[in-house]
Every structure is written in structure tokens, then in C-alpha cells.
Amino acid sequence: MTSSAQTGPTQRQVHLNTPFNDQKPGTSGLRKSSKQFEQTNYLESFIEAIFQTLPGVEGGTLILGGDGRYGNHRAIDVILRMGAAHRLSRVITTTNGILSTPAASHLIRANKAIGGIILSASHNQGGPDGDFGVKVNGANGGPAAESLTNAIYACSQALERYSLVDADVIPLEAPGHHAIGAMAVDVIDGVEDYVELMQKLFDFGRIKDLIKTDFPVVFDAMHAVTGPYAQRLLEGLLGAPTGTVRNGVPLEDFGGGHPDPNLTYAAELADLLLNGKSYSFGAACDGDGDRNMILGRGCFVNPSDSLAILAANANVAPAYADGLAGVARSMPTSAAVDVVAKELNIDCFETPTGWKFFGNLLDAGRITLCGEESFGTGSNHVREKDGLWAVLFWLQILTARRCSVADVMTQHWSRFGRHYYSRHDYEAIANEKAHGLYNRLESMLPRLIGQPFAGRQVSQADNFRYSDPVDGSETQSQGLRILLEDGSRVVVRLSGTGTKGATLRVYLERYEPSHGNLNQDPQHALADLINGIDALAEIQKRTGMQRPTVIT
Ligand code: VG1
Ligand code: CO
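This one's a predicted model, so the numbers in the text were calculated from it and none came from an experiment.

### Notes on the pattern of salt bridges
- By the definition in use, this model includes 33 salt bridges.
- E350 is the salt-bridge partner of R481, the closest N and O atoms lying 3.8 Å from each other. Of this pair, R481 sits in strand β24 (residues 480–484) while E350 sits in strand β16 (residues 347–351), placing them 131 residues apart in sequence.
- Judged by relative accessible area, R481 falls into the buried class, the value being 9%.
- Residue D486 is joined to R456 by a salt bridge in which the shortest nitrogen-to-oxygen separation is 3.1 Å. Of this pair, D486 sits in the loop between β24 and β25 (489–494) while R456 sits in strand β21 (residues 456–463), and the two are 30 residues apart along the sequence.
- We classify R456 as buried; its relative accessible area is 10%.
- Put simply, R329, D338, E350, D462, R481, R489 and E509 are held in one network by salt bridges that share partners.

This is the structure in C-alpha cells:
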């Protein structure tokens, strides 16, 4: 017990002179620079809006933790003291506040919590000059639905005051039971429950056998949240040698890196696998542990293909041995999984970008696996995408198949055909320029139908809208699509997670049937679409950028 428990904490109200008007959550939580979050009352205002909006706060249990970035400890302290003022009965937080997003989702479900607050800006850089973020999850363990985030935003804009109690800082160095007034604060090991869940889903004995044979693996935690999880799983339970997990210590600034697992920001790992010969399998996760990148020797697995391969091989994992209820992918994700779903004779849903849109389908039991092109894959075991889960799933498949990652890919394409796919990101464009480009392209769409584009004819051109098959809710304006008669397409979106200017994402896709040329460089295979969209949307001309910032 902390001393404040005996004396009883003093409750205070802090008045806001003017409410903040910029606390609208994006694709996944509220993300701003650390400096913005350090403004007086800024974090507190958003947390107050959450506590006033999330159902069941009084008497409820909340899960709390983060990816370890700069600001994590301060935010945990503030949220605990505000949670006590709002009469939560219990907060479960973790040693050093380290909690991955999928592990948080699991804890919410396992403890029947009202939800969770995850302190992370995910793949964005961290540190005093980087970004901070607050993700809000609901009682199902998933990212808050749009109706809830809209209500939180509305509340923040009208906020006049917030409440908190004065209490000593709860020590997070070790597990223990504490209290702030009547509110229990349990500090638990944030890794244990998650590791137990993984052991239920996969056959660790068989994966261990694979790693013992000549199948060296390497994992890059990017100095972010997955280090302790990966060490326990790979070097502990699966017997991989010490050092398998690189950059395994979470650092407040991620060691100055950009914790985004792609070929640009995880370049060292990519080099080890694509150019070196020491490893058969490599993987990396992002800041908060929900994304994954999978590499084999000389082979990069496109995330859209990864989802398709997990779906096609799901029965090798004990948890999915009985088959899949259905699958889902975000709209910009390639249709590789659609082809597998067709063959398996199961439903395949197309949702807007962001994991929150999978929640209803998972809760209703309509899908088992889902994924996004942005290195996110997951299943009904939690309500978030899950980086290390995907790594274990891949290892389970390789255990059963006993071949290289490259062979898995080649065999998949020769059975299902290949969806050549790439995403081009143009980061930090001035807002007016990016919106000008986007709005101009949107206004051109109706006239494109039936017209030639990149040597084919446009069959459909629109701004994607989604009607949720479970609750009927409608979501508009989810990205511009140009669909071509041969099944190729280009999608253009503006990012909802960036914090500097605007990020333009261009998604390119072309299908090559199984008897076609399956071994091209995607940039080459997609060249006509790349040139076509640049000419149409005037990307280089309007952004002044010769090439994308990141190509995946
Ligand atoms: C990006 C990805 C999207 C993902 C989201 C959150 O959003 O494209 O697929 O769900 O990040 O992932 P946007 O709006 O920037 O394109 V995470 O790992 O940043 O929580
Ligand atoms: Co993330």
C-alpha cells in the first residue's frame, strides 16, 4: 500500500480556460508530438474525455500500459490519479509500464475490463522530439469503435475541467499490489499472460525442434516493446540462442530509430536476410508490437501475401486446425487472401483501414483471421493485430512444411497466382498540397469510368465506403479507388496516423495468374500503374518529391 492509501488522497479539479480542439483520434488513437502532449493539461484533457465517455468507468477495471516511449511513466502516473478520481475500482498495469498492444487486448478480455489505455504512437518515432500517443480500447479488447472515438473527441472540445487526486507515484519496477484511495493498482508482469496465450495457440515443441535443426532465426525488436516478449518466447521457451533477439531492450527513443518494421526502417535486419546467408528466417515488430515483417533468406514476404499464406496453411496451427470461419482484409490490402478464401469456400470481407473495423466481425464469429497491408495480421485470439503471433504462426508453418520461406512463397503463387503489390508513401507533404492533390483526384473519379488507364480500361472509380455487415453502421470516404478491368487497381489515401504535415499513400496491385510470370520485381511489374497514377494525380509535380519516402 502506498502512503496515500492510509491518509486518503485529496481530490482536485483543474479548470481549463479553453478546451483543446485538436484531440480527434486518427486511424488508431490520438497521436501528436511529445511536445504537444507536454503542453499543460493536454494529456489530462484527453484522458478526462475518455473517462467521461467510456462506459462502466465507476467500479470498473482498466488495463494500462505502453510501448515504453518517452512520456510513458508520466502518463501512467496521471492516468492512475485521474482514474482514482473517476472511481475506477481497479487498474492493472505492468512492470515498467511495458505492455504491447496485443498483450493489452488479451488482458482486457481475460480480466473482463471495461477497456484499456495503451500509451503508444505505434510505428512513429519516439523521444522528446518524437511522437507520443494514446490508444483507447473497449471492453472487447479492440480499438474503440468510431462512435466512441467521435464521442471522446466531442467531449474534449467542450471540456471545462478535469479531476484527479494527489497521490504518491506508484512504483512500477516490480510486480506488486498498491492502492490510490479505494482504487486498487495491480502491477503485473506484462509478458506472462501473453506468453501463456501463445502456448495455447501454437505447438511450441515442434517449433523448438525446427529451431534446433539448421534453421537459424533472428528477430529485431527495434528497441521497442516486443524485446521482453520475444526474449521470453524465442530465446526462452523455443531455445533459440541468446542474441537471437536484437535491439531487445525497450528505450524511450527506440535508440533513435524509427520502430516501423519495413525494408527502409529495419534496414539492418533486411540486409542480414536479403544479402547475408547466416539466417533462414528473420522478423521484426513495430513500436507497440502489433505489426510484423517476415523475411526469409533472400526473400521479403509482402504483408498481403503473408495473410494469404497464413489463411492457406492455418490448419497446421493447433488453434486453427478446425478451419476458419472467414477472413477479412482492409480495402487497400491485396486480394491475395480473397483467392484463398474462395478456394476454402469461406467468406472474405473488405473493411476500411484500421483494426477497429475487424472488431464486429471477430466478435460475431464471422472471421477467424484478418490483416492489413501495413504489416498487420491477427486472429480471433485478441482484438488487435499481433506481431509476435504472426512470427510464431510463420514458424509453425515452416515447421510443418520443412522448406524455406522462399519455397513457401513460390509454391503459394504457383497454386493461387501472384498479386504483385506495393505501397508508395510520400511523407510530410504540406497539408494544403496533399489535400489539393487528393481532392482533385476525387473530383476526377466519376469521369474516369470507361476511360483508359495504364493500358487498361477503368471499370470502377470511387471513394470507398463501408457498411458494417454486423451492426449496419456506415463509414464514408475511406480512400480513392481506381479499379481496372483486369483486376488491377490503384488506391490513394491520406494517412490518419502521421503527425507532420500529410502522408500520401499510394497502393498498387496487379494479379498474375499461376501460369504467368511469377518472378518479377514488383516495382517493375507495377511500373505502368506507378506511372499512370503519377501522371493522373500529378504526384511528383504537386509534391515536388522525385520519389516516395518509403516503398514497401
Ligand atoms: C496506418 C496503417 C493502417 C493501420 C494503422 C495503425 O494507418 O495504414 O493499416 O491500421 O496505421 O497501425 P494510416 O491511417 O496512417 O494509413 V499502428 O501499428 O500504427 O497502430
Ligand atoms: Co503498431
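### Examining the sheet that holds strand β8 (residues 176–180)
- Strand order in the open sheet formed by seven strands is β2-β6-β5-β3-β4-β9-β8, and the pairing between neighbours is mixed. Both edges of this open sheet fall to β2 (30–33) and β8, since each of them pairs with a single strand only. Across the sheet, the mean angle separating the axes of adjacent strands is 20° when strand polarity is ignored.
- Two elements, strand β5 (residues 115–119) and strand β6 (residues 131–137), share four bridges in a ladder whose sense is antiparallel. Following the sheet pairing, G116 is matched in β6 by N137.

### Notes on empty space enclosed by the protein
- Scanning all chains against the criterion turns up four cavities of 30 Å³ or more.
- What the largest cavity holds in volume is close to 250 Å³.
- Its residues assigned to classes, the lining of the largest cavity comprises three nonpolar, ten polar and twelve charged.
- Computed from the structure, the second largest cavity encloses a volume of approximately 90 Å³.
- Contributing to the lining of the second largest cavity are 13 residues, with S28, G29, V136, P143 and A144 lying nearest its centre.
- Top contributing element to the lining of the second largest cavity by residue count: β6, with three residues.
- The class makeup of the residues in the lining of the second largest cavity is four nonpolar, six polar and three charged.

### Details of the pairing of β8
- Extensive coverage of β8 is indicated by the burial of four of its five residues.
- Direction of pairing for β8 relative to strand β9 (residues 183–188): antiparallel, over a ladder of five bridges. Within β9, the residue paired with G176 across the bridge is V187.
- Taken together, β8 and the strand that follows it, β9, pair antiparallel across an intervening segment of two residues, in which G181 is found at a positive phi of about 55°.

Cut-offs and rules
Residues numbered from 1 in each chain as written. Chains lettered and ligands numbered in written order. Predicted model: local features only at pLDDT ≥ 70, side-chain atom pairs only at ≥ 80, totals over all residues. Heavy atoms only, no water. Salt bridge = Lys/Arg side-chain N within 4 Å of Asp/Glu carboxyl O. Helix = DSSP H or I, 4+ residues; strand = E, 2+ residues; numbered from the N terminus. Buried < 20%, exposed > 50% of the residue type's maximum accessible area, 1.4 Å probe, protein only. Pairing = 2+ DSSP bridges. Axes fitted to C-alpha atoms, helices over the stretch in contact; angles between N-to-C directions. 1 Å grid on protein atoms, 1.4 Å probe; cavity = no way out; pocket = protein on both sides within 12 Å on 5 of 7 lines; lining within 4 Å. Points joined across faces, edges and corners; volume = space filled by probe spheres on them. Nonpolar A, V, L, I, M, F, W, Y, C, P; charged D, E, K, R; others polar.

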